[in-house]
Amino acid sequence: QVQLVESGGGLVQTGGSLRLSCAASRRTFTSNASGWFRQAPGKEREFVAAISWSSGSTSYADSMKGRFTISRDNAKNTVYLQMNSLKPEDTGVYYCAQSAYGPTHDVVRYNYWGQGTQVTVSS
């Protein structure tokens, strides 16, 4: 099995930045992509960004384009999410996940999930 541990969340003011990390215990032949999702209070889980481990190709939700950057360190089995120009609507619990597919937006394609890290953006 694959275990994922997120870190880097916290409280930040509007316009600030945070860098989230997700360390994976291991990757398998079917661990092809990692993604970030978030869930605000009372709302469903929302896709943020994803990256292919092999090619590095990325995918972003429209609301994050230009502000968030996903990256990965293959040697460390770690994926990062750099979040800049944060807004109050970015507040939520951020989860990293791993998929046997490419950097898809579809939540059902992700079979391993971290415990989540809280991001709070104050206005």
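This report concerns the structure included in the present document. Computed from a predicted model, the values in this text were never measured in an experiment.

### Observations concerning the overall build of the protein
A count of helical and extended segments in the protein gives zero helices and eleven strands. Whereas a compact globule of 123 residues would reach a radius of gyration of roughly 14 Å, the protein reaches 13 Å, a difference of no more than 12%. Taken along the three principal axes of its C-alpha coordinates, the protein extends 45 × 25 × 25 Å. Expressed as a percentage of its 123 residues, the buried residues of the protein come to 43%. Pairs at least 24 apart in sequence give 56% of the contacts found in the protein among residues at least 6 apart. A total accessible area of about 6300 Å² is found for the protein, and carbon and sulfur atoms account for 46% of it. Positive and negative charge centroids in the protein, built from 12 and 8 side chains respectively, lie 6 Å apart.

### Let's talk about the state of the cysteines
By definition, a disulfide links the sulfur atoms of two cysteine residues through a covalent bond. Enumeration over the complete set of coordinates arrives at one disulfide. Disulfide partner of Cys-22: Cys-96, at an S-S distance of 1.9 Å. Between Cys-22 and Cys-96 the sulfur-sulfur dihedral comes to about 50 degrees; the bridge is accordingly right-handed. Of this pair, Cys-22 sits in strand E3 (residues 18–24) while Cys-96 sits in strand E9 (residues 92–99), placing them 74 residues apart in sequence. Given a relative accessible area of 3%, Cys-22 falls into the buried group. With relative accessibility at 0%, the residue Cys-96 sits in the buried group.

### Structural notes on the packing of aromatic side chains
Counted under the stated rule, the structure contains four aromatic pairs. Considering the side-chain rings of Phe-37 and Trp-113, the 5.0 Å spacing of their centres and the 55 degrees angle between planes classify their relative orientation as tilted. Of this pair, Phe-37 sits in strand E4 (residues 33–39) while Trp-113 sits in strand E10 (residues 110–113); the two residues are 76 residues apart in sequence, bridging distant segments of the chain. The exposure class assigned to Phe-37 is buried, which follows from its relative accessible area of 1%.

### Concerning the pairing of strand E11 (residues 117–122)
Only one face of E11 is covered, namely the face carrying Thr-117, Val-119 and Val-121; the face carrying Gln-118, Thr-120 and Ser-122 is uncovered. Bridge count between strand E2 (residues 10–13) and E11: four bridges; the pairing is parallel. Its bridge partner lying in E11, Val-12 is registered against Val-121. Bridge count between E9 and E11: three bridges; the pairing is antiparallel. Residue pairing in the sheet places Gly-92 in a bridge with Val-119 of E11.

### Notes on the sheet that holds strand E8 (residues 78–83)
The strand order across the open sheet formed by four strands is E1-E3-E8-E7, and the pairing between neighbours is antiparallel. A strand with exactly one partner marks an edge of an open sheet, and here the two such strands are strand E1 (4–7) and strand E7 (68–73). Taken over all neighbouring pairs, the strand axes of this sheet differ in orientation by 15 degrees on average, direction set aside. Both E7 and E8 contribute to a ladder of six bridges, which runs antiparallel. Following the sheet pairing, Thr-69 is matched in E8 by Gln-82.

### Brief notes about the pattern of salt bridges
Across all of its chains, the model carries three salt bridges by this definition. As a salt-bridge pair, Arg-67 and Asp-90 come within 2.7 Å of each other at their nearest N and O atoms. With Arg-67 in the loop between strand E6 (58–60) and E7 and Asp-90 in the loop between E8 and E9, this pair connects stretches of sequence that are 23 residues apart. Given the relative accessible area of 11%, Arg-67 is considered buried. On the basis of relative accessible area, Asp-90 is assigned to the buried category, the value being 1%. Because the salt bridges share partners, they merge into one network encompassing Arg-38, Glu-46, Arg-67 and Asp-90.

About the thresholds
- Residues numbered from 1 in each chain as written.
- Predicted model: local features only at pLDDT ≥ 70, side-chain atom pairs only at ≥ 80, totals over all residues.
- Heavy atoms only, no water.
- Helix = DSSP H or I, 4+ residues; strand = E, 2+ residues; numbered from the N terminus.
- Rg over C-alpha atoms; globule rule 2.2 N^0.38 Å.
- Buried < 20%, exposed > 50% of the residue type's maximum accessible area, 1.4 Å probe, protein only.
- Contact = heavy atoms within 4.5 Å.
- Areas by Shrake-Rupley, 256 points an atom, 1.4 Å probe, with all protein chains shown as cover.
- Lys, Arg positive; Asp, Glu negative; His and termini not counted.
- Charge placed at Lys NZ, Arg CZ, Asp CG, Glu CD.
- Disulfide = S-S within 2.5 Å.
- Phe/Tyr/Trp six-rings, centres within 6.5 Å; stacked < 30°, edge-to-face > 60°.
- Pairing = 2+ DSSP bridges.
- Axes fitted to C-alpha atoms, helices over the stretch in contact; angles between N-to-C directions.
- Salt bridge = Lys/Arg side-chain N within 4 Å of Asp/Glu carboxyl O.

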